[in-house]
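For reference, the chains in residue letters:
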There are 2 protein chains.
Amino acid sequence: LRPGQGTRDHPPAQAALRDRLLGAVVSCFKRHGAAAIDTPVLELRETLMGKYGEDTKLIYELQDQGGELLALRYDLTVPFARYLAMNKVTNMKRYHVAKVYRRDNPAMTRGRYREFYQCDFDIAGQFDPMIPDAECLKIVHEILSDLQLGDFVIKVNDRRILNGVFAVCGIPEKKFLPACSTVDKLDKVPWEEVRSEMVGEKGLSPEAVDRVGEYVQLHGGLDLIEQLLQDPKLSQNKLAKEGLGDMKLLFEYLTLFGITGKICFDLSLARGLDYYTGVIFEAVLLQQENKHVEETVSVGSVAGGGRYDGLVGMFDPKGRKVPCVGVSIGIERIFSILEQRLKASGEKLRTTETQVLVATPQKHLLAARLKLISELWDAGIKAEMLYRKDPKLLKQLQYCEDTGIPLAAIVGEQELADGVVKLRDVATREEVRMDTSCKRAKC
Amino acid sequence: LRPGQGTRDHPPAQAALRDRLLGAVVSCFKRHGAAAIDTPVLELRETLMGKYGEDTKLIYELQDQGGELLALRYDLTVPFARYLAMNKVTNMKRYHVAKVYRRDNPAMTRGRYREFYQCDFDIAGQFDPMIPDAECLKIVHEILSDLQLGDFVIKVNDRRILNGVFAVCGIPEKKFLPACSTVDKLDKVPWEEVRSEMVGEKGLSPEAVDRVGEYVQLHGGLDLIEQLLQDPKLSQNKLAKEGLGDMKLLFEYLTLFGITGKICFDLSLARGLDYYTGVIFEAVLLQQENKHVEETVSVGSVAGGGRYDGLVGMFDPKGRKVPCVGVSIGIERIFSILEQRLKASGEKLRTTETQVLVATPQKHLLAARLKLISELWDAGIKAEMLYRKDPKLLKQLQYCEDTGIPLAAIVGEQELADGVVKLRDVATREEVRMDTSCKRAKC
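Residues numbered from 1 in each chain as written. Chains lettered and ligands numbered in written order. Predicted model: local features only at pLDDT ≥ 70, side-chain atom pairs only at ≥ 80, totals over all residues. Heavy atoms only, no water.

### Brief notes about the overall build of chain A
Turning to step 1, where the next piece is worked out: Scanning chain A from N- to C-terminus turns up 15 helices and 17 strands.
Turning to step 2, where the next piece is worked out: A compact globule built from 443 residues should have a C-alpha radius of gyration of about 22 Å, whereas chain A, at 28 Å, is more than 25% larger.
Turning to step 3, where the next piece is worked out: Taken along its principal axes, the extent of the C-alpha atoms in chain A is 95 × 65 × 45 Å.
Turning to step 4, where the next piece is worked out: Residue burial in chain A is summarised as follows: out of 443 residues, 56% are buried. (Helix = DSSP H or I, 4+ residues; strand = E, 2+ residues; numbered from the N terminus. Rg over C-alpha atoms; globule rule 2.2 N^0.38 Å. Buried < 20%, exposed > 50% of the residue type's maximum accessible area, 1.4 Å probe, protein only.)

As structure tokens, this is what we get:
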């Protein structure tokens with residue numbers, strides 16, 4: 001008896017933690033003026049095909065039970081683009097928090113699942129360059145700071161710069177995408193391995209690859225942008241020049257936001273998906289490997305995104321483009337970090353919000369409990385009672401302690417006769433008598 | 001270009017209304033002390049099979065792409081039972097708000113979809129009779145009152161009473177379930193039609209059916225329960241007697257809750273699903289057909305539920321039973337009612353929560369806007385700006401009016417020189433100057 005492979009139940013303690021985490025992310029998205037939309041988990045199969053490159057094989061398809069061919073969404077970006085094209089929306093700032101599905105090899109301890117939440121914020125529309133892009137980076141910065149996940153860095157690059165590098169190094173244009181996905185591995189493996197994959201598997205010339213290697217191992221800030229803008233080869237390439245100019249503008253805006261300290265212009269960042277066309281970025285958490293050495297290692301990506309100006313046009317019958325830029329927060333990885341931290345701290349998260357337990361100290365008082373709890377519910381107070389006719393008072397108070405209910409409202413024979421309720425602070429055992437007719441406390 | 005049949009997108013206005021509606025439902029569930037859980041949309045196919053009777057054909061199955069055979073959940077109840085059995089949980093009060101999937105004929109105008117939200121509250125555990133059951137009815141009463149959906153009635157019955165009726169009328173036991181599903185149609189078609197289906201399609205004897213007809217057309221309150229407890233035939237049937245005794249107890253508790261005015265003991269209520277074993281109920285909205293006549297008609301079910309004491313045992317290897325009772329709020333029907341009402345009222349729901357638009361009245365002030373908005377975001381204020389280098393002030397104020405942003409924070413050359421920000425109330429056009437160094441308002 002178990003759930004499907006790569007999927008999981010969230011018991012109450014996990015659900016409460018997840019709600020808290022999603023709440024923090026959504027509150028940031030709302031702070032930036034995004035509206036919510038919802039799209040179906042089921043999409044027409046043809047909507048998803050041809051959008052994810054070689055990852056298309058990871059899409060869950062439904063059985064043909066008659067009717068349409070359906071599939072489960074792979075991300076929230078393609079459905080968003082379908083939504084924009086379908087409704088001819090050319091201008092929108094939206095967030096979407098929902099589950100997506102990938103027939104991938106699960107690695108549940110590292111937060112990789114087959115069914116998992118994505119938290120996406122996207123800005124669609126034709127605007128002045130880099131203003132929405134800068135806001136996406138600000139959002140990542142706000143969320144990672146807010147959640148206190150420790151030190152992090154947001155790597156930034158631009159597909160136009162990468163393509164410019166490939167072009168000036170002599171990589172043929174039809175090999176740009178495969179070269180891209182190999183370069184993307186540089187955060188996990190050393191350059192030698194990447195080099196041999198490019199030369200071997202991808203069949204690129206060793207000389208061209210070596211020239212690429214000199215560029216993609218660079219990272220830095222504004223200084224590096226300036227240096228590359230002066231680069232004799234790169235400055236001659238139209239795409240690279242455009243990308244570098246925009247990168248400079250982006251850094252200007254990020255300086256005004258005061259967040260360049262966490263931003264790194266990193267030429268090795270390539271991102272997997274085909275649909276990116278401009279700025280791309282990825283946030284990774286840093287961990288000090290050794291307390292005595294000032295060296296940090298990445299513990300994996302927790303947010304990523306970029307600009308995809310062509311995707312909506314793929315859905316529009318007339319190919320009309322709607323430029324988009326967006327960010328996706330990798331909530332599952334963050335969730336497992338917070339879960340481990342909570343476990344280590346020994347802190348117990350409350351799974352309910354109950355304010356008061358309605359209790360009776362003697363037998364035959366079920367009617368009094370039912371009447372009082374009904375009044376409390378009607379007054380909007382979160383109240384519980386044990387589902388027993390005659391529970392022991394000790395058992396009722398124990399339930400409060402087990403579940404973190406702070407107050408007990410006790411009605412006994414004496415209280416009924418006096419027309420009062422005894423309100424007990426479970427932790428301090430302090431008690432006050434409340435007049436039930438006027439609802440004001442007397443000591 | 002469209003979403004799958006029977007599914008739909010929620011654009012921002014609808015998503016905002018749905019969030020408000022789900023928020024009201026969840027806040028009621030929390031008021032009653034329920035914890036949230038989450039289970040996957042994907043379940044193993046074998047988990048769902050054999051739980052829904054003839055509705056099993058409506059389950060969406062995934063293609064066999066290697067690995068496990070999966071299906072999309074049909075409701076939240078069976079996954080909940082699977083969860084309880086799997087984790088050996090014998091005692092739990094939980095809510096779950098999530099989408100479920102049915103390969104049914106969609107009727108979107110009446111709120112029937114293939115992908116739709118269910119809002120479930122369930123109490124699992126061995127308790128004293130009718131206390132959790134009464135709470136489920138209280139919850140339906142609270143939610144329908146809170147949402148101001150107009151007049152409603154909650155029909156109540158008990159599978160044990162129905163089975164007792166069938167037994168004393170001479171229906172053979174193996175025909176109880178088919179008889180049940182025919183009787184259930186009595187809210188839509190007259191008795192004559194139900195009678196002929198029972199005699200014709202279901203092959204029951206006309207005499208037995210006529211005897212059933214005398215019972216199942218009865219409805220009332222405590223008086224009817226008392227009358228049936230005295231019924232010479234029914235009072236001899238063990239199951240019916242148990243059911244009627246519990247029904248009397250239920251009415252006692254509902255009287256203490258003060259909600260019997262909306263409760264109707266209705267012997268025609270049968271509910272479709274096989275797994276119910278005790279109390280069943282269904283809430284329907286009432287509408288006055290004619291302003292001058294005091295007659296009301298049902299406009300369909302908006303909530304339903306009941307007791308299912310055997311379902312968890314079906315999953316437990318040793319067949320251990322965990323008694324459960326629960327309620328499901330039919331959120332889609334309620335949503336379409338609220339949507340129509342909103343449309344009729346002409347009221348426009350805000351889709352964002354933005355408090356202030358950061359605006360500039362002259363050109364070349366993008367940097368000032370970016371700096372100010374960044375400070376506002378960092379202070380937790382919901383702020384937007386237009387993604388233009390030099391937008392016209394009129395356009396910026398127009399955006400506030402279009403999207404309902406109440407305030408504009410304006411920084412012009414004068415304000416920059418004076419170290420202030422002009423805060424403008426968009427509706428009244430009132431303006432105050434705020435000192436940006438000490439952040440206190442001066443007039």
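From this point on, the discussion continues.
### What about the pattern of salt bridges?
Turning to step 1, where the next piece is worked out: Taken as a whole and judged by the stated rule, the model has 68 salt bridges over all chains.
Turning to step 2, where the next piece is worked out: Of the charged contacts in the structure, one is a salt bridge between Arg-2 of chain B and Glu-68 of chain A, with a shortest N-O distance of 2.7 Å. With Arg-2 of chain B in the segment before helix 1 (12-31) and Glu-68 of chain A in the loop between helix 2 (45-48) and strand 3 (70-72), the pair connects residues from two separate chains.
Turning to step 3, where the next piece is worked out: Under the relative-accessibility criterion, Arg-2 of chain B is labelled partly exposed at 40%.
Turning to step 4, where the next piece is worked out: Using a relative accessible area of 19% as the deciding quantity, one classes Glu-68 of chain A as buried.
Turning to step 5, where the next piece is worked out: As a salt-bridge pair, Arg-307 of chain A and Asp-309 of chain A come within 2.9 Å of each other at their nearest N and O atoms.
Turning to step 6, where the next piece is worked out: We classify Arg-307 of chain A as buried; its relative accessible area is 13%.
Turning to step 7, where the next piece is worked out: Classification of Asp-309 of chain A by relative accessible area gives partly exposed; the value is 24%.
Turning to step 8, where the next piece is worked out: Linked by salt bridges that have partners in common, Arg-18, Asp-19, Lys-99 and Glu-115 of chain A together with Asp-38 of chain B make up one network. (Salt bridge = Lys/Arg side-chain N within 4 Å of Asp/Glu carboxyl O.)

### Let's talk about the packing of aromatic side chains
Turning to step 1, where the next piece is worked out: The full count for this structure, using the stated rule, is 16 aromatic pairs over all chains.
Turning to step 2, where the next piece is worked out: The interplanar angle of 65° and the centroid separation of 5.3 Å between the aromatic rings of Tyr-275 of chain B and Tyr-276 of chain B together place this pair among those described as edge-to-face.
Turning to step 3, where the next piece is worked out: The structure contains a cluster of three or more aromatic residues connected by ring pairs, namely Phe-29, Tyr-95 and Phe-121 of chain A.
Turning to step 4, where the next piece is worked out: Over the ring of Phe-80 of chain A we find Arg-94 of chain A, and its NZ or CZ is 4.1 Å from the ring centre. (Phe/Tyr/Trp six-rings, centres within 6.5 Å; stacked < 30°, edge-to-face > 60°. Lys NZ or Arg CZ within 6 Å of the ring centre and 35° of its normal.)

### Details of the relation of the copies chain A and chain B
Turning to step 1, where the next piece is worked out: It takes a turn of 180° to lay chain A on chain B, together with a shift of 0.0 Å along the axis; the resulting RMSD is 0.1 Å. The transformation relating the two chain copies, once decomposed into turn and shift, fits a two-fold axis.
Turning to step 2, where the next piece is worked out: When the interface residues of chain A are mapped onto chain B, 100% of them again lie at the interface, so the same face is used by both copies. (Least-squares fit on C-alpha atoms with pLDDT ≥ 70 in both. Contact = heavy atoms within 4.5 Å.)

### Considering the interface of chain A and chain B
Often the size quoted for an interface is simply the accessible area lost on bringing the parts together.
Turning to step 1, where the next piece is worked out: Across the boundary between the two partners, chain A contributes 85 residues, which contact 85 residues of chain B.
Turning to step 2, where the next piece is worked out: Summed over both sides, the interface between chain A and chain B buries roughly 7700 Å², with carbon and sulfur atoms accounting for 58% of that surface.
Turning to step 3, where the next piece is worked out: Considering only the side of chain A, the residues that lose the most area to chain B are Leu-1, Trp-377 and Tyr-387 of chain A, jointly responsible for 12% of the buried surface there.
Turning to step 4, where the next piece is worked out: Applying the counting criterion to the chain A and chain B interface returns 14 salt bridges.
Turning to step 5, where the next piece is worked out: With a closest N to O distance of 2.7 Å, Asp-9 of chain B and Arg-82 of chain A form a salt bridge.
Turning to step 6, where the next piece is worked out: At the surface where chain A touches chain B, the tally comes to 48 residue pairs in polar contact (both at pLDDT 80 or more). (Buried area = accessible area lost by both parts, 1.4 Å probe. Polar contact = N/O pair within 3.5 Å; in protein donor to acceptor, adjacent residues only side chain to side chain.)

### A few points about the UniProt feature "binding site: L-histidine" (unreviewed entry) in chain A
Residues and elements named next belong to chain A.
Turning to step 1, where the next piece is worked out: Mapped onto this numbering, the UniProt entry gives "binding site: L-histidine" (unreviewed entry) at Asp-75, Leu-76, Thr-77, Arg-102, Gln-118, Asp-122, Arg-271, Tyr-275 and Tyr-276.
Turning to step 2, where the next piece is worked out: As for its placement among the helices and strands, Asp-75 is situated in the loop between strand 3 and helix 3 (77-86).
Turning to step 3, where the next piece is worked out: Beyond its immediate chain neighbours, meaning those up to four positions away, Asp-75 contacts Tyr-52, Val-100, Arg-102, Gln-118 and Tyr-275.
Turning to step 4, where the next piece is worked out: A distance of 2.6 Å separates polar atoms of two side chains, one belonging to Asp-75 and the other to Tyr-52.
Turning to step 5, where the next piece is worked out: Along the chain, Tyr-276 turns up in the loop between strand 8 (263-266) and strand 9 (279-288).
Turning to step 6, where the next piece is worked out: Residues in contact with Tyr-276, not counting those within four places in the same chain, are Arg-159, Arg-271, Gly-305, Gly-306, Arg-307 and Tyr-308. (UniProt positions renumbered as here; feature names shortened; annotations may be inferred.)

### Comments concerning the packing of helix 6 (residues 176-183) of chain A against helix 7 (residues 191-199) of chain A
Residue and element names in this part refer to chain A.
Turning to step 1, where the next piece is worked out: Running from N to C, helix 6 and helix 7 point in directions that differ by 160°, and their axes come no closer than 9 Å. In this view, helix 6 runs roughly antiparallel relative to helix 7, as classed from their interaxial angle. Note that helix 6 runs across helix 7; the crossing there is right-handed. Here Ala-179, Thr-182 and Val-183 of helix 6 come into contact with helix 7, specifically with Val-194, Glu-197 and Met-198.
Turning to step 2, where the next piece is worked out: Here the residues of the contact of helix 6 with helix 7 are counted per class, giving four nonpolar, one polar and one charged. (Axes fitted to C-alpha atoms, helices over the stretch in contact; angles between N-to-C directions. Parallel < 35°, antiparallel > 145°, perpendicular 65-115°, else oblique. Left-handed = near helix turned anticlockwise from the far one by under 90°. Nonpolar A, V, L, I, M, F, W, Y, C, P; charged D, E, K, R; others polar.)

### Here we look at the packing of helix 5 (residues 159-169) of chain B against helix 6 (residues 176-183) of chain B
Axes are the key here: two packed helices are described by the angle between their axes and the distance separating the axes.
Residues and elements named next belong to chain B.
Turning to step 1, where the next piece is worked out: At a minimum axis separation of 11 Å, helix 5 and helix 6 run at an interaxial angle of 110°. Classified by the interaxial angle, the pair formed by helix 5 and helix 6 is roughly perpendicular. Each of Arg-159, Leu-162, Asn-163, Phe-166 and Ala-167 in helix 5 lies in contact with helix 6, whose residues at this interface are Phe-176, Leu-177, Ala-179, Cys-180 and Val-183.

### Here's the deal with the nonpolar core
Turning to step 1, where the next piece is worked out: Phe-29, Phe-166, Met-198, Phe-265, Phe-281, Ile-329 and Ile-334 of chain A are the most contacted members of the largest nonpolar core, which has 99 residues in total.
Turning to step 2, where the next piece is worked out: Among all residues touching Ile-329 of chain A, those that are not within four sequence positions of it are Val-25, Phe-29, Cys-119, Ile-143, Val-302, Ala-303 and Ile-334 of chain A.
Turning to step 3, where the next piece is worked out: One finds Trp-377 of chain A together with Cys-136, Leu-244 and Leu-342 of chain B within the second-largest nonpolar core, a separate group that totals 98 residues. (Core = buried A, V, L, I, M, F, W, Y, C linked by side-chain atoms within 4.5 Å.)

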